Amino acid sequence: RLAVEAAVDIALQVGLALDEAHSKGVVHRDLKPENIFLERTPDTVTVKVLDFGIAKIIESSRTPSERITSDDFVVGTPAYMSPEQCEGSELDGRSDIYSLGCVLYEMLTGRPPFVGATSTLVFARHQSEPPLAPRSVRPDLAESVERVILGALEKSPSHRYRSGTEFAVELQVALAMPLGDISIAAASPLVTPAPMRRTPLPERSPYQVSYPTPRTP
């Protein structure tokens, strides 16, 4: 388990990296700890998100059923796959937000929200079971942070955060962090995002998908 501030800082940077990919029509589809690289200096930790290019190739060449698995190719890791990805449905950026919620949940509790003896069992839990509340595993976690995590883990894409930036800003607010620029990098040719600005949201609104307008480097 990581310190809350360290885990949130990583999730903030990943959320912004995802937005840069989504603004270019790329959905990652396999976000997991192994695809998050930390570059450390004495004063900072910069996050790089890996394997965007592979995700784009897969989407253009595979049928919905093949996007999950085939005899010689696996797309998605069960512990971090969204409910819609588990059933082979068409995906958009909100699937990546769910996966990021799974990663943050694990960073804070020491385990993903859903585990099981087989991939089929894990798929079923993503689709039908509520996650165990993070604070039941880690009581020192702020309730406000728990709400943001559970918001990312909503079963319905329309109930999740609309973008990685929105998710990142809500995390900052949950920890009372100052709003502003976050240093970010991605291991694909993505431009540095514009400074974040908070958009106030109802606590439980039916989120609709909305991605940033593509920017020219």
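Residues numbered from 1 in each chain as written. Predicted model: local features only at pLDDT ≥ 70, side-chain atom pairs only at ≥ 80, totals over all residues. Heavy atoms only, no water.

S.K.: With reference to specific residues and values, describe the overall build of the protein.
M.R.: Helix and strand counts for the protein stand at eight helices and two strands. Expressed as a percentage of its 217 residues, the buried residues of the protein come to 46%. For the protein, contacts bridging at least 24 residues in sequence account for 67% of all contacts bridging at least 6. Counting only carbon and sulfur atoms, one obtains 55% of the accessible surface of the protein, whose full area is about 10,300 Å². (Helix = DSSP H or I, 4+ residues; strand = E, 2+ residues; numbered from the N terminus. Buried < 20%, exposed > 50% of the residue type's maximum accessible area, 1.4 Å probe, protein only. Contact = heavy atoms within 4.5 Å. Areas by Shrake-Rupley, 256 points an atom, 1.4 Å probe, with all protein chains shown as cover.)

S.K.: So what about the nonpolar core? Which residues, and what values?
M.R.: The biggest cluster of nonpolar side chains holds 37 residues, and the ones touching the most others in it are Val14, Leu104, Leu108, Ile149, Phe167 and Leu171. Here this core takes ten residues from helix H1 (residues 4-22), the largest share from any one element. What Leu104 contacts, discounting residues up to four positions off in sequence, is Ala7, Val8, Ala11, Ile149, Phe167 and Leu171. (Core = buried A, V, L, I, M, F, W, Y, C linked by side-chain atoms within 4.5 Å.)

S.K.: Explain helix H5 (residues 119-128) to me, using residue names and the numbers behind them.
M.R.: Taken together, the buried positions of H5 are occupied by Val122, Phe123 and His126. For H5, the angular spread of the buried residues around the axis is 100°, confining them to a single face. Opposite the buried face of H5, at more than 90 degrees from it, the exposed residues are Thr120 and Ser128. Residues of H5 that are buried make contact with helix H3 (83-86) and helix H4 (93-109). (Arc of directions from axis to C-beta.)

S.K.: Mind laying out the pairing of strand E2 (residues 45-49), listing which residues take part and the relevant values?
M.R.: Two strands pair when backbone bridges link them, and strand E1 (residues 36-40) and E2 are joined in this way by five bridges, in the antiparallel orientation. Looking across to E2, one finds that Ile36 is bridged to Val49. Count of turn residues in the E1/E2 antiparallel hairpin: four residues. (Pairing = 2+ DSSP bridges.)

S.K.: Outline the packing of H1 against helix H8 (residues 164-174), supporting the account with residue identities and numerical values.
M.R.: Where H1 contacts H8, the axes come no closer than 7 Å and their chain directions differ by 160°. The angle between the axes of H1 and H8 places the two elements in the roughly antiparallel class. H8 is crossed by H1, and the crossing has left-handed handedness. Contacts from Val8, Ala11, Leu12, Gly15, Leu16 and Asp19 in H1 reach Gly164, Thr165, Phe167, Ala168, Leu171 and Gln172 in H8. Of the residues that constitute the contact of H1 with H8, the class distribution is seven nonpolar, four polar and one charged. (Axes fitted to C-alpha atoms, helices over the stretch in contact; angles between N-to-C directions. Parallel < 35°, antiparallel > 145°, perpendicular 65-115°, else oblique. Left-handed = near helix turned anticlockwise from the far one by under 90°. Nonpolar A, V, L, I, M, F, W, Y, C, P; charged D, E, K, R; others polar.)

S.K.: A description of unusual backbone geometry should follow, citing residues and the corresponding values.
M.R.: The backbone of Arg29 shows a phi angle near 75°, a positive value even though the residue is not glycine. Mapping Arg29 onto the fold places it in the loop between H1 and E1. Its relative accessible area of 6% is what places Arg29 among the buried residues.

S.K.: Explain H8 to me, and be specific about the residues and the numbers.
M.R.: Along H8, nine of the eleven residues are buried, which leaves the element largely enclosed by surrounding structure. For H8, the elements touching its buried residues are H1, H4 and helix H7 (143-152). In the stretch just after H8, Ala176 is the one whose phi turns positive, near 55°.

Everything listed here is a matter of geometry and, on its own, says nothing about what the molecule does.
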